[in-house]
Amino acid sequence: MTQLLTPTFPDYELIDSGDFEKLERFGRFVTRRPEPQAVWHRSLDESKWRELADASFLRTSSSKSDERGEWQCRRTMPDRWTVEYNYGQMNLRMRLALTSFKHVGIFPEQAANWNFIYDRIVEQRERGVAPKVLNLFAYTGGATLAARAAGADVTHVDSVKQVVTWSRENMEQSGLEGVRWIVEDALKFVRREVRRGNRYDGIILDPPAYGRGANGEKWVLEENIAEMLECCASLLDPDHGFLVLNLYSMGLSALLARTALRQTFGTTGHEEFGELYFSDRAGKELPLGTFCRFSRMK
């Protein structure tokens, strides 16, 4: 059965959404950003949005899907600030910043997966496993930090050096250490790991629709995801491994993700799939990505 998951994240709030935008609070500061899936109308009027927003992202073109642009900010809006996320014994501190691609450094809906990752690793350790976790397309490392906080040996792979540096800062702010950092194309990395015969107890996949590797390698999700999953099937422990797959591309469903995983991995054990979302103050539910995840616990 399809699940709808929304995490409890005190340092984040979706205030309003609509007319292809979203108004969000990250800690003490409110941002206004494009959102192609907010096809309904806003609940608050334009004057209220302007009153609340500390930083507004302005597109460089009229395209609703164009993520490039610049920020218009109040004088009181800092270049950087920090939010916290707590779950169990996990206490994360993540640095945020306004980027030219409208992102701020975290995808808060992913906290639902951070909890899952943390819990699976705790279970593995209680069963006597010393978990090794691979985080691919790892961005600024929320999932990496969750895995490390739970006690896993974590390999973090992203093709952008500046983003890996950002992730390291988040690790240090969270009082953690010991992550293995890899600046490389994710598909190239897993191909090599398969040749080496390496194994992992958990794999996290957060692939973009399109991307470039560290040396210009081209990633197209629809063209490359099948090979990526085949490599991951070779790398994941068959007895007690877990896997998390996120898809952000509009039009790609959770059922698609589940079908791809079932074909590649066969029997997946305990399986969950569905959508990640947040509700705004008016109760409008904004979908922010699909997920499929499973765990094998023998």
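Coordinates for the structure precede this section.
Just so it is clear, the model here is predicted, and its values are computed rather than measured.

Asker: What is the right way to read the packing of aromatic side chains from this model?
Answerer: Centre distance and the angle of the planes are the two values used to describe a pair of aromatic rings. All told, the structure shown has 14 aromatic pairs when counted by the stated rule. Between Phe116 and Phe242 the ring centres are 6.2 Å apart and the planes differ by 80 degrees, which places this aromatic pair in the edge-to-face class. In this pair, Phe116 sits in helix 2 (residues 111–126) while Phe242 sits in strand 15 (residues 242–247), placing the two residues 126 residues apart along the sequence. What makes Phe116 buried here is its relative accessible area of 4%. Three or more aromatic residues joined by ring pairs form one cluster here, namely Phe9, Tyr12, Phe26, Tyr85, Trp114 and Phe278.

Asker: I keep staring at the environment of Pro238 and nothing clicks. Help me out?
Answerer: Within the fold, Pro238 resides in the loop between helix 6 (221–235) and strand 15. Judged by relative accessible area, which is 39%, Pro238 ranks as partly exposed. In the structure, Pro238 is positioned 38 residues away from Tyr200 in sequence and 9.6 Å away in space, judged by C-alpha atoms.

Asker: In this structure, what is going on with the nonpolar core? I would like to understand it.
Answerer: For soluble globular proteins, the rule of thumb is that nonpolar side chains tend to be buried together. If you look at the biggest cluster of nonpolar residues, it comprises 44 residues, and the most contacted ones within it are Phe26, Tyr85, Met94, Trp114, Ile117 and Ile121. Ranked by the residues each element gives to this core, the list is headed by helix 2, at six residues. Beyond its immediate sequence surroundings of up to four residues, Ile121 is in contact with Pro131, Val133, Ala147, Ala150, Gly151, Ala152 and Phe242. With 32 residues, the next largest nonpolar core counts Ile182, Leu187, Leu243 and Leu252 among its residues.

Asker: Please explain the packing of helix 6 against helix 7 (residues 254–265) as it appears in this structure.
Answerer: It is the contact of helix 6 with helix 7, at a shortest axis distance of 9 Å, that shows an interaxial angle of 50 degrees. With respect to their mutual orientation, helix 6 and helix 7 come out oblique. Two packed elements cross with a definite hand, and for helix 6 against helix 7 that hand is right-handed. Facing helix 6, whose interface residues are Leu229, Glu230, Cys232 and Ala233, helix 7 presents Ala260, Leu261, Thr264 and Phe265. Tallied by class, the residues present in the contact of helix 6 with helix 7 amount to six nonpolar, one polar and one charged.

Asker: Just to check I follow, could you spell out the sheet that holds strand 2 (residues 12–18) for this structure?
Answerer: Adjacent strands of a sheet pair through backbone hydrogen bonds, lying either parallel or antiparallel. Strand order in the open sheet made by the five strands is 2-3-4-5-6, with mixed pairing throughout. At either end of the open sheet lies a strand with only one pairing partner, and these are strand 2 and strand 6 (69–73). Averaged over all pairs of adjacent strands, the angle between their axes in this sheet comes to 20 degrees, without regard to strand direction. Judged from the six bridges that link them, strand 3 (residues 21–26) and strand 4 (residues 29–34) form a sheet pairing that is antiparallel. Bridge pairing in strand 4 links Phe26 to Phe29.

Asker: Sorry if this is basic, but what is going on with the packing of helix 2 against helix 3 (residues 142–149) here?
Answerer: Interaxial distance between helix 2 and helix 3 falls to 8 Å at its minimum, and their mutual angle equals 25 degrees. Considering the angle they form, helix 2 stands roughly parallel to helix 3. The handedness of the crossing between helix 2 and helix 3 comes out as right-handed. In this structure, helix 2 contributes Trp114, Ile117, Tyr118 and Ile121 to the contact, and helix 3 contributes Gly142, Ala143, Ala146, Ala147 and Ala149.

Asker: I'm lost on the pattern of salt bridges in this one. Help?
Answerer: When the charged atoms of two side chains lie near each other, side chains of opposite charge can form a pair. Scanning the model with the defined rule gives 26 salt bridges in all. Among the salt bridges present, the one from Lys284 reaches Asp16, with a minimum N-O distance of 2.9 Å. Of the two residues, Lys284 sits in the loop between strand 16 (270–279) and strand 17 (285–295) while Asp16 sits in strand 2, which places them 268 residues apart along the sequence. Comparing Lys284 with Asp16, the two get one shared label, buried. With a shortest N-O distance of 3.4 Å, Asp54 and Arg74 are connected by a salt bridge.

Asker: Would you mind going over the sheet that holds strand 17 with me for this structure?
Answerer: Here we have eight strands laid out as an open sheet, ordered 1-16-17-15-12-9-10-11, and mixed in their pairing. Edge positions in the sheet fall to strand 1 (3–5) and strand 11 (180–183), since each has one partner strand and no second. Along the sheet, successive strands turn relative to each other by an average axial angle of 20 degrees, direction set aside. Taken together, the five bridges between strand 9 (residues 132–136) and strand 10 (residues 153–158) define a ladder with parallel strand orientation. Note on strand 10: the bridge partner recorded for Lys132 is Asp153. Across the sheet, helix 4 (residues 161–173) lies against strand 10 and strand 11, angled at about 165 degrees from strand 11, the strand it touches most. The strands touched by helix 5 (residues 186–196) are strand 9, strand 10 and strand 11; relative to strand 9, the strand with the most contacts, the crossing angle is about 150 degrees.

Asker: Is there a simple way to explain the pairing of strand 3 in this structure?
Answerer: On any regular strand, side chains alternate: one points to one face of the sheet, the next to the other face. Taken across its six residues, strand 3 has five buried, putting it largely inside the fold. In this sheet, strand 3 lies alongside strand 2 in antiparallel orientation, the contact comprising six bridges. If you follow Gly18 over to strand 3, its bridge partner there is Glu21. Where strand 2 folds back onto strand 3 in an antiparallel hairpin, the turn is made up of two residues, including Asp19, whose phi is positive at roughly 55 degrees. With antiparallel pairing between neighbouring strands as the criterion, strand 3 and strand 4 make up a hairpin whose turn holds two residues, including Gly27 at a positive phi of roughly 65 degrees.

What counts, and where the lines are drawn
- Residues numbered from 1 in each chain as written.
- Predicted model: local features only at pLDDT ≥ 70, side-chain atom pairs only at ≥ 80, totals over all residues.
- Heavy atoms only, no water.
- Phe/Tyr/Trp six-rings, centres within 6.5 Å; stacked < 30°, edge-to-face > 60°.
- Helix = DSSP H or I, 4+ residues; strand = E, 2+ residues; numbered from the N terminus.
- Buried < 20%, exposed > 50% of the residue type's maximum accessible area, 1.4 Å probe, protein only.
- Core = buried A, V, L, I, M, F, W, Y, C linked by side-chain atoms within 4.5 Å.
- Contact = heavy atoms within 4.5 Å.
- Axes fitted to C-alpha atoms, helices over the stretch in contact; angles between N-to-C directions.
- Parallel < 35°, antiparallel > 145°, perpendicular 65-115°, else oblique.
- Left-handed = near helix turned anticlockwise from the far one by under 90°.
- Nonpolar A, V, L, I, M, F, W, Y, C, P; charged D, E, K, R; others polar.
- Pairing = 2+ DSSP bridges.
- Salt bridge = Lys/Arg side-chain N within 4 Å of Asp/Glu carboxyl O.

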